[in-house]
Structure formats: C-alpha cells, structure tokens
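For reference, the chains in residue letters:
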Amino acid sequence: MASKQKSGDAAARSSTRKSAASRVEPAKGKLGVMVVGMGAVATTMIAGVEAVRRGLAQPIGSLTQMGTVRLGKRTDNNSPKIKDFVPLAALDDLVFTGWDIFEDNVYEAAAHAEVLKSDTLAKLKPYLETIRPMPAVFDRYYVKRLNGTHVKKGKNKRDLAEQVIADIRAFKKTVDRVVMIWCGSTEIFMEPVAVHQSIAAFERGLEKSDIGIAPSQIYAYAALKEGVPFANGAPNLTVDIPAMIELSRQNAAPICGKDFKTGQTFMKTVLAPALKARMIGVKGWFSTNILGNRDGEVLDEPQSFKTKEESKLGSLEYIFQPELYPELYHDIYHKIRINYYPPRGDEKEAWDNIDIFGWLGYPMQLKINFLCRDSILAAPIALDLVLFLDLAKRTPELRSIGIQEWLSFYLKSPQTAAGLYPEHDLFIQSMKLKNTLRHIMGADLITHLGLEYYD
Ligand SMILES: NC(=O)c1ccc[n+]([C@@H]2O[C@H](COP(=O)([O-])OP(=O)(O)OC[C@H]3O[C@@H](n4cnc5c(N)ncnc54)[C@H](O)[C@@H]3O)[C@@H](O)[C@H]2O)c1
C-alpha cells in the first residue's frame, strides 16, 4: 500500500513536472540586449560573450553558463547545468545594441575602459567595432561629473521617452525578444516623490519634464511600456517606485533589484551571515575602497556617492537583524568610503576592518583585503541578469508578477513586494534562485532536510 502510494506520488509529481515545464516557452530565435551605458561593465560583458562564443575563453563567474542545479536526492547524482535544465537563450543568439553619451563604438569604449588586455581586444575588434551606441537620454543635473554630446534632443521628457520607444521598436524588428539593462553611471540620490506614485502621475510628469524623473527612468519607462524586461546595474532609484512596478505588472515586463553585487558587498553578504549563524557579535564594520575608473570618477561626486552609499549600507542591517539580537548587533558602527584614485583604473582595492566579539564578550578583529577587478566581477552578473529576465518573460507564472525577487542574488539592493524585508544573505538568495528554477520546471524543491536518508 505504502509503495503504491509512493509510486502514485511520483507519477503525480512527474506529470506536474511535465505540465509546468511545458509552460515555459522555449528560447527560440535571437535575444536582443539593449544596454544603456556602454562603459567598462557593458563592454567587458559584450567582449566576454564574443570571446566565449569564439572559444577563446571560459564564462567564469557566470552561474547561467557554469552553474549546476541539483535535482532529487543526493544519492540520485543528478546535477545538470542550469543552462541545460531551463530554456535559456544561447550565447550565440545574443545580439547587442545600446546607448551612450559618447559616440565611441564598443571596441573604442572597451579600449578606453582598460579592463581587457589589448591582445584580447584585438582578436575581437572586427565584431566590437560594429556595435555603435545610439544617442542617449542624458542630463548633467543627474550625473554631474560627465558631459557627453551624443545625446537626444526633445521638447520634453515624454518626447525623449518616445524616441527611446522608437529605438526599441526598430531593434525589435531585427530580433525575436528584447531585454534592457542599465550599465550607465550612478545618478544623484533621489527619493520617491508624488510623480513616482502611479503610471498616470509619471506620464503627466514626463509631459511637464518633472525634475523627479531621471534619465534612467525614461529608459525604464520606455522598456516597460514596450513589455521589455529591465535590469538596473546601478544604485539609481529607477524602477524602485510604484509607477514602474505597476507598469511592469501591467505589461508583463519583469524587473528586479538594483546595483550589481560584485566586490565588497558580495563579501559582506557572505561573511555577515556566517558571523550571525555562530552568534558572534559585531561592534563595527569599516569598509574603504580605492578605484580609478570612470565609475570611480562619477562616485567622487557627493550626490552620486550618496546613492551608492545608501545601496551599500542596507545589507548588514537586514542580515544582522539587531531587533532580534540586541546584545550582538545593536548599534553597529558601519562606515563606507569610496576614494577615486586614478592610478588603479578598474583594479579596485577594498579593505574591510571588522571589530567582532565572542564568548564572554572578548574582542577580536577580522581584516579583508580584496584586490578585485570591478568589471570582471560585474560582467557575468550583467549577462546572467539578461538571460534570467528573458527566462522570466517566457515563464507565465513569473512574467506578470513584476519584481523577480529570486534575482536578488545578483544585487546589492534587492527589490521586494511592499512591506517585505529583503533577503541579503547570499546563500539564502542562491537557494531561492535555484528553487525558483526547480519550481518553474516542475521539479521538487530542495529543503536540505535530509531525513529520508535515515529511514
Ligand atoms: N563594476 C562594478 O563592479 C559595479 C558594481 C556595481 C554597480 N556598478 C555600476 O554599474 C554602472 C556602470 O559601471 P561602469 O564601471 O561600467 O561605469 P562606466 O563609467 O565605465 O560606464 C558608464 C557608462 O554610462 C554612460 N552613461 C551615463 N549616463 C548615461 C545615460 N543617461 N545614457 C546612456 N549612457 C550613459 C557613460 O557615458 C559611460 O560610458 C555604474 O553605475 C556603477 O556604479 C558597477
């Protein structure tokens, strides 16, 4: 009887699996990737994809390309690659375009960014030269350190949004599906105001060129209006407002959080959960960085820095939950510094000093010195976000929910439903992501309970 029941359950599971899996539409044809801001991160991603396509390099750092997902019991030995388990667009099917305030083609912009070595770029030059940015929507009020001439002109912000919509429609004619990703600079710090509260208010604001609408929001509006998923690699407010969430749901255009989680915050969201899991107290966490790329130059300006600072500060507070553990995490002194130091270029160096305490309150210290390469860490994240947002768009259960919280794994500032605190712990985020993939494919979720091995 018990075994009949078991096989009945298994049959039911496998039929749910089939019907769920068949609901995810296949990734047929070309996926168009519209990149806003073709600087260090964007060009490193595009050049990297081309290098991988040509067999010149491995897609290291990309979960979609190298990661696996365990299915079933540990004893089943069934861990396919993610890209073989869910129907993702193949790298060969990606077609890139984008916008920038400078006219440089992607080869020139990559050479300027000095992330990839010149011999690598030389091999990719003929392809990279073919990608030329379209004129951008830009206003120095929102990024004070930059001044570009390759910009759109319009009588108001609505006119500019319509020009971006026209760009999207023209590109759509050449590909099968489209995703947009912001790899542009960090804008000044902005908070949600009246113009952000509904689609109607936002559209009135576009008409009046309301100061509360930043260029990143004009691109995002255009994308969501066209049903195109939108990812935000910068800490800008952009889609973190009711108008965009509404538009995303209405037009089945998935969105996710913001600001690529690359260096220091990546480490924070690994270490802080470890300290908390062992009930080790923390008195202070001092983080400083030096970097010398264009991003560093933009962040040297106080209003752009403030946007980044807010995004970086959030993680510890949520992970440590001081309201639950006042003896351990009450009043942590958390300080973040970013210093523009041109000699380093993209080769950022980050230091963390963490003052911790253990048994009976005895103090200890932890030091981290991360000599990283900013865009080398960010490029695979940008690629994965593009591929997963496209998957979300093809998944009926996901496409109309708006925020894709399962993509928090990649972002310093996860976005959540109203009233829900964000999960910053990298391992919870990773589990959530993989369980979402299992769920949409109709596979059993993995809880790590493991009692079945001891029956
Ligand atoms: N590299 C990382 O590790 C990392 C991590 C997290 C977040 N980010 C964020 O990603 C973004 C890109 O970083 P990056 O290192 O590539 O910077 P970058 O300065 O090299 O590139 C940004 C590009 O955006 C362009 N730009 C600015 N405003 C624009 C607009 N309105 N329209 C079109 N183009 C515009 C600039 O001209 C520039 O070419 C930054 O906001 C950065 O803070 C980067």
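As the structure is a computational prediction, the values presented were derived from the model and not from experiment.

A. Looking closely at the overall build of the chain. Check the secondary structure of the chain and you find 17 helices and eleven strands. Relative to a compact globule of 455 residues, whose C-alpha radius of gyration would be 23 Å, the chain shows 23 Å and is just as compact. Projected onto its principal axes, the C-alpha coordinates of the chain cover approximately 75 × 55 × 50 Å. Buried residues in the chain amount to 53% of all 455 residues. Taking the contacts inside the chain whose residues are at least 6 apart along the sequence as the reference set, 76% of them involve residues at least 24 apart. Total accessible area on the chain is roughly 20800 Å²; 54% of this is exposed by carbon and sulfur atoms.

B. Representation of helix 15 (residues 374-393) within the structure. Taking 1.5 Å as the rise per residue, helix 15 with 20 residues should run 28 Å; its terminal C-alpha atoms sit 29 Å apart, in good agreement. With respect to burial, helix 15 is a largely interior element, 17 of its 20 residues being buried.

C. Representation of unusual backbone geometry within the structure. With a phi angle near 55 degrees, Glu 114 is a residue other than glycine that sits in the positive phi range. With respect to the secondary-structure elements, Glu 114 resides in the loop between helix 5 (106-113) and helix 6 (118-128). On the basis of relative accessibility, which here comes to 64%, the residue Glu 114 falls in the exposed class. The phi dihedral of Ser 209 is positive, around 50 degrees, even though this residue is not glycine. Relative to the assigned elements, Ser 209 resides in the loop between helix 8 (199-207) and helix 9 (215-225).

D. Spotlight on the site of the ligand. The full set close to the ligand counts 32 residues, and Ala 40, Val 41, Asp 100, Val 137 and Gly 184 are the nearest of them. Ala 40 has a polar backbone atom sitting 2.9 Å from an oxygen atom of the ligand. For the ligand, an oxygen atom lies 3.0 Å from a polar atom in the side chain of Thr 186. If you list the elements that add at least two residues to the shell around the ligand, you get helix 2 (40-53), strand 2 (94-100), helix 9, strand 6 (255-260), helix 12 (294-299) and helix 15. Classifying every residue of the shell around the ligand gives 18 nonpolar, seven polar and seven charged.

E. Region of interest: the packing of helix 5 against helix 6. Put simply, helix 5 and helix 6 touch, their axes get as near as 8 Å, and they point 145 degrees apart. Between helix 5, through Val 106, Tyr 107, Ala 110 and Ala 111, and helix 6, the contact on the second element is made entirely by Leu 121, Lys 125 and Leu 128. Class assignment for the residues of the contact of helix 5 with helix 6 results in six nonpolar, no polar and one charged.

F. Representation of the environment of Phe 286. Positionally, Phe 286 belongs in strand 7 (residues 281-291). Given a relative accessible area of 37%, Phe 286 falls into the partly exposed group. On a C-alpha basis, the gap between Phe 286 and Gln 163 in space is 44 Å, while along the polypeptide they are 123 residues apart.

G. Molecular detail of a nonpolar patch on the surface. Taken together, Trp 359, Leu 360 and Tyr 362 make up a surface patch of nonpolar side chains, about 500 Å² in accessible area. Topologically, Leu 360 is positioned in the loop between strand 9 (349-357) and strand 10 (363-371). We classify Leu 360 as exposed; its relative accessible area is 69%.

How each quantity is defined
- Residues numbered from 1 in each chain as written.
- Predicted model: local features only at pLDDT ≥ 70, side-chain atom pairs only at ≥ 80, totals over all residues.
- Heavy atoms only, no water.
- Helix = DSSP H or I, 4+ residues; strand = E, 2+ residues; numbered from the N terminus.
- Rg over C-alpha atoms; globule rule 2.2 N^0.38 Å.
- Buried < 20%, exposed > 50% of the residue type's maximum accessible area, 1.4 Å probe, protein only.
- Contact = heavy atoms within 4.5 Å.
- Areas by Shrake-Rupley, 256 points an atom, 1.4 Å probe, with all protein chains shown as cover.
- Expected span 1.5 Å × (residues − 1).
- Near = heavy atom within 4 Å.
- Polar contact = N/O pair within 3.5 Å; in protein donor to acceptor, adjacent residues only side chain to side chain.
- Nonpolar A, V, L, I, M, F, W, Y, C, P; charged D, E, K, R; others polar.
- Axes fitted to C-alpha atoms, helices over the stretch in contact; angles between N-to-C directions.
- Patch = residues over 30% accessible without salt bridge, like charges linked within 9 Å, V, L, I, M, F, W, Y side chains within 5 Å.
- Salt bridge = Lys/Arg side-chain N within 4 Å of Asp/Glu carboxyl O.

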